[in-house]
Amino acid sequence: MAQGKRCVWCEEVMNSVSWEMFSFFEEEWNVCNECKSKLAPISGEICLKCGRPLSKVKREYILEKTCLDCQRWVEKSFLNGLVHNRSLFEYNDFMKHVLTLYKYRGDAEVGRAFNSMFSKTITKSYKCIDFVIPIPLSIERLYDRGFNQCDLWLEKVPNRLSNCLVRIHHEEKQSKKTRQERINRSVKMFRVSNDDLIKGKTLLILDDLYTTGTTAYQAADALGKSGAKAVYSLTLCRS
Amino acid sequence: MRFASSIFQNKSFLVPEGISIIENGTYYPISHFAVFEPQPIDHSYIPSHELLTFLNGRHLLIDEIPFPLEQLHDHYMNGYLQIEAGIQLISSKHTCLRCGNSEAFGFYPCARCKCSNCRYCRKCIKMGRVSSCSPLYFSPASSLTYPPTLLNWNGELSHGQNKASDQVKLAIQKNERLLVWAVCGSGKTEVLFKGLEQAIYENKTICIATPRTDVVLELLPRLRKAFPTIAISGLYGGSDDPLSPFIISTTHQLIRYKDCFDVMIIDEVDAFPYEYDPSLQYAVDKARKNNGALVYLTATPSRKILKQVKDNALPYVRIPVRYHGYPLPAPKFTWVGNWRKHIRKGKLPSVLLKWIEQQFHEKKPVMLFVPSIKLAERIHSLFEEVQVDCETVHSEDADRVEKVMRFRNRNYRLLLTTTILERGVTIENVSIGVLGAEADIFTESSLVQIAGRAGRSEKYPEGEVALFHYGKTNDMLLAFRHIKSMNVEADNRGWLKGKGVYGVKK
């Protein structure tokens, strides 16, 4: 059988020689070009609040480059807000497939392909950040899966703060709830284990997916109440 | 998971974390331990019948077992089940004990064993993750008794089938290995019946393994009809049949078994992915009992298997003739020049078009094989331009089954496909074409299988097989000779109807 490096996503043998090998900018991804081409990086005009491409939002729902969903979040003034969210990719079918392999099948190497991209983004665009906090799993789910998918993305990030934010309940998965149930939840999702660590700090929370924004706003609220100065959010995808 | 080692009354054993037996025990990932001795059976202990029936002959991860850890531990302590580390050092190489992989591993910081670099097998991760800290649970297959059974099949075997059938029965009785080399359309399944009846009579566990789910689904009803009093389970990704001592399984599913089957029958032993995937061979060997019978079925044995035959290491029986007794249609070779250039310019070779028209005129549907998915799609659009109704079927096609069904029902007349449909498809009175027969992907065995799609029904035994090429290859000639030699052998034995038609020589 042909020996050669295989793509961590599709297992096809990759062309060993490509121009990328000579590029200073493209660190080794272990993903073939065919797979890369199926990703949809977010570009162009975005909602300044949640990072969603404005081309996906009906014009009448946009106000000063902010989408209607985000205008509604701002109105919920009982919450400590989020500065903004940015996402790297659109949540297309291929991305769904990749995340399924990573999270549910538990193939860590599949997700590790994004590590360098996260590291670079954080160094480049989030210079003002004191700590990066991966969105935690509940203890039960962490045991089931074996690892936290967001924590793994930050392996090489020096200012990662992993055990400060704690998920409270082990309840139904977000993805099994309706939109209204998700946005209007009153129960708290997170608590902070050690306020002193984050008091007065600027924080970046990291998650795999931003859908309604509930997780991000809940986390930002918990961190804000514990004294964080400002909370930003970065996710792999925006659905 | 983490375990602690302990010794009690001179027996050393492992205790999983979370079961409070050992005080101040030091817990390690299970791969920390090198020896996994089964505990002696304590006959005063009454094991759970449900648990033993569930685990019987299987090799499972803890996440796959719906029984509490305490209960598993009790059964282990009393010798009714065994545990071992899922990944162990074998000849100084890390090896996945479930699938045999020793090359493709990944690492992650593990919440279960607290190890910052827990190793896991990427080869069989589709079936659940085997990590350095995963124990594999295993319970030796217990003895079984089938209900009294008679074979419910009144068909008649052809001469060739009859001989092979006797040999299969003998191999199963004597727990030997056997290759059944049977041409496409010879009726391989019927050849197994007498041997299976014997195995059931002897209360032997049986596995028929095949590379593809389609085949499992096709075999199940036929075998259930033949042995109506026996529970037969079908195993494939997503199936939920209850387990039984007689299974029809995809080769993938076998990694969940260990020392389980007295009789292992492997269908299409040369087919992708079994032949190319050493972990599947590992799984087959692991699932079969050490002294179990092993029967290979194929129309096109690989070189590796033929070498064993040649060295007298593997007994074999050949069925050179189809069940209906008519000769195998031999391929005709037609030169079409630089057809790739034609296609690039948006033209179909005129010889090919003429041939297809001729087939349509004779009311025959056409299966046209091409070397790649991309070409199939390109050619598809060219046929649409000249208003030929056609469909394309390839490996990444979700509607594969449905498209083939509509072709079978004559909803359209031209099916474009790749080698994905070289096996297992039977369409009445179909004509077979191959465009670009010189391509590397069309090996001898591939072409023999493709030609084997033609002339399968007794009503229309004279099939048409046309290879359109830009220069004959060795594999094309080998395929032609292969088919011809089978016809000659059948004729020499006096098994052939329609005398003297071995094939059209070019």
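Throughout, residues of each chain are indexed from 1 in the direction in which the sequence is written. Starting at A for chains and at 1 for ligands, labels are handed out in the order in which the entities are written. The model is predicted, so local features are restricted to residues of pLDDT at least 70 and side-chain atom pairs to those at 80 or more, both for listing and for counting; the totals for chains, interfaces and linings are taken over all residues.

Undergrad: Break down the overall build of chain A for me, with residues and values.
TA: Counting from the N terminus, the helices are DSSP H or I runs at least four residues long and the strands are E runs at least two residues long. The helix and strand tally for chain A stands at 10 helices and eight strands. A residue is called partly exposed when the number of other C-beta atoms within 10 Å of its own lies between 12 and 20, exposed at 12 or fewer, and buried at 20 or more, with C-beta atoms placed from the backbone. A total of 239 residues make up chain A; the buried ones form 33% of that total. Taking as baseline every contact in chain A between residues at least 6 positions apart, the subset at least 24 positions apart corresponds to 72%. Placing a C-beta atom from the backbone of each residue, one calls two residues in contact when those atoms lie within 7 Å.

Undergrad: How would you explain the overall build of chain B if you had to name every residue and give the values?
TA: If you tally the helices and strands in chain B, you get 13 helices and 23 strands. Counting across all 506 residues of chain B, residues that qualify as buried make up 45%. Within chain B, contacts between residues at least 6 apart in sequence are counted, and of these 74% link residues at least 24 apart.

Undergrad: How would you explain the sheet that holds strand 16 (residues 288-298) of chain B if you had to name every residue and give the values?
TA: All names here are of chain B. If DSSP finds at least two bridges between two strands, the strands pair. One open sheet accounts for seven strands, arranged 13-14-12-15-16-11-17; its pairing is parallel. Looking at which strands have only one partner, the edges of the open sheet turn out to be strand 13 (232-235) and strand 17 (316-319). The sheet shows a mean angle of 15° between the axes of neighbouring strands, taken without regard to direction. Across four bridges, strand 12 (residues 206-210) lies against strand 15 (residues 261-267) in parallel orientation. Residue pairing for strand 15: isoleucine 206 is matched across the bridge by valine 263. Here an axis means a line fitted to C-alpha atoms, over the contact stretch when the element is a helix, while the angle between two N-to-C directions is reported on a 0 to 180 degree scale. Along the sheet, helix 5 (residues 213-226) makes contact with strand 12, strand 13, strand 14 (246-250) and strand 15, crossing strand 14 at roughly 160°. Contacting strand 12, strand 15 and strand 16, helix 6 (residues 278-287) runs over the sheet at an angle of about 150° to strand 15.

Undergrad: I'd like a rundown of the packing of helix 12 (residues 444-451) of chain B against helix 13 (residues 474-492) of chain B, residues and numbers included.
TA: All names here are of chain B. Running from amino to carboxyl end, helix 12 crosses helix 13 at an angle of 50°, the nearest separation of the two axes being 8 Å. It follows that helix 12 is oblique to helix 13 by the angle criterion. Crossing angle aside, the handedness with which helix 12 passes helix 13 is right-handed. Residues Glu444, Leu447, Val448 and Ala451 of helix 12 form the contact with helix 13, whose participating residues are Asp475, Met476, Leu478, Ala479, His482 and Ile483. In this classification, the charged set is Asp, Glu, Lys and Arg, the nonpolar set is Ala, Val, Leu, Ile, Met, Phe, Trp, Tyr, Cys and Pro, and all remaining amino acids, among them Gly, are polar. Residues of the contact of helix 12 with helix 13, tallied by class, amount to seven nonpolar, one polar and two charged. Angular relationships are summarised with four words: roughly parallel below 35 degrees, roughly antiparallel beyond 145, roughly perpendicular across 65 to 115, and oblique for the angles in between. Handedness of a crossing is defined here by the sense of rotation of the near helix relative to the far one, left-handed for an anticlockwise turn of less than a right angle and right-handed for a clockwise turn.

Undergrad: Which residues make up the domain arrangement of chain B, and what values do they have?
TA: All names here are of chain B. Considered domain by domain, chain B is made up of domain 1 (2-138), domain 2 (159-319) and domain 3 (332-492). With 11 residues of domain 2 at the contact, the number on the domain 3 side is eight residues. Of the residues in the side of domain 2 that touches domain 3, the class split is five nonpolar, two polar and four charged. Residue ranges for the domains trace back to a domain assignment, done automatically or taken from a database.

Undergrad: Account for the packing of helix 3 (residues 159-173) of chain B against helix 4 (residues 188-201) of chain B, with residues named and values stated.
TA: Residues and elements named next belong to chain B. Where helix 3 meets helix 4, the axes come as close as 8 Å, and the angle between the chain directions of the two elements is 30°. It follows from the interaxial angle that helix 3 and helix 4 lie roughly parallel. By crossing handedness, the relation of helix 3 to helix 4 is classed as right-handed. Residue-level inspection shows Gln161, Ala164, Ser165, Val168, Lys169, Ile172 and Gln173 of helix 3 in contact with helix 4, the latter providing Glu190, Val191, Leu192, Lys194, Gly195, Gln198 and Ala199. When the residues that make up the contact of helix 3 with helix 4 are grouped by side-chain class, the tally is six nonpolar, five polar and three charged.

Undergrad: A description of the domain arrangement of chain A should follow, citing residues and the corresponding values.
TA: Residues and elements named next belong to chain A. When the domains of chain A are assigned, the result is domain 1 (1-37) and domain 2 (38-238). With nine residues of domain 1 at the contact, the number on the domain 2 side is seven residues. Among the residues making up the side of domain 1 that touches domain 2, the classes are represented as five nonpolar, two polar and two charged.

Undergrad: Talk me through the sheet that holds strand 4 (residues 131-134) of chain A; I want residue IDs and the actual numbers.
TA: Residue and element names in this part refer to chain A. Pairing within the open sheet is parallel, and its four strands lie in the order 3-8-7-4. Looking at strand neighbours, the two that pair on one side only are strand 3 (85-90) and strand 4, the edges of this open sheet. On average, each strand axis in the sheet is inclined to that of its neighbour by 20°, with strand direction left out of account. In terms of strand pairing, strand 7 (residues 202-210) meets strand 8 (residues 230-238) through eight bridges, oriented parallel. When the bridges of strand 8 are listed, threonine 202 appears paired with alanine 230. Relative to the sheet, helix 10 (residues 214-225) contacts strand 3, strand 7 and strand 8, its axis offset from that of strand 7 by approximately 160°.

Undergrad: Explain the confidence of the model for chain B to me, using residue names and the numbers behind them.
TA: Residue and element names in this part refer to chain B. Confidence scores labelled pLDDT are given residue by residue by the predictor and lie between 0 and 100. For chain B, mean pLDDT is 90; residues scoring 70 or higher make up 96% of the total. This model gives residues 502-506 a pLDDT under 50, and the stretch forms 13 contacts once residues within four places in sequence are excluded. Among the prediction metrics, the complex's ipTM stands at 0.89, with pTM recorded as 0.85.

Undergrad: Go over the pairing of strand 1 (residues 2-8) of chain B, please, and point to the residues and values.
TA: All names here are of chain B. Here two bridges tie strand 1 to strand 3 (residues 28-29), and the two strands are oriented antiparallel to one another. Bridge pairing links phenylalanine 3 to tyrosine 28 in strand 3. Where strand 1 lies against strand 2 (residues 11-16), six bridges are found, and the strand directions are antiparallel. The residue of strand 2 that forms the bridge with phenylalanine 8 is lysine 11. Connecting the antiparallel pair strand 1 and strand 2 is a turn made up of two residues, with glutamine 9 showing a positive phi of about 45°.

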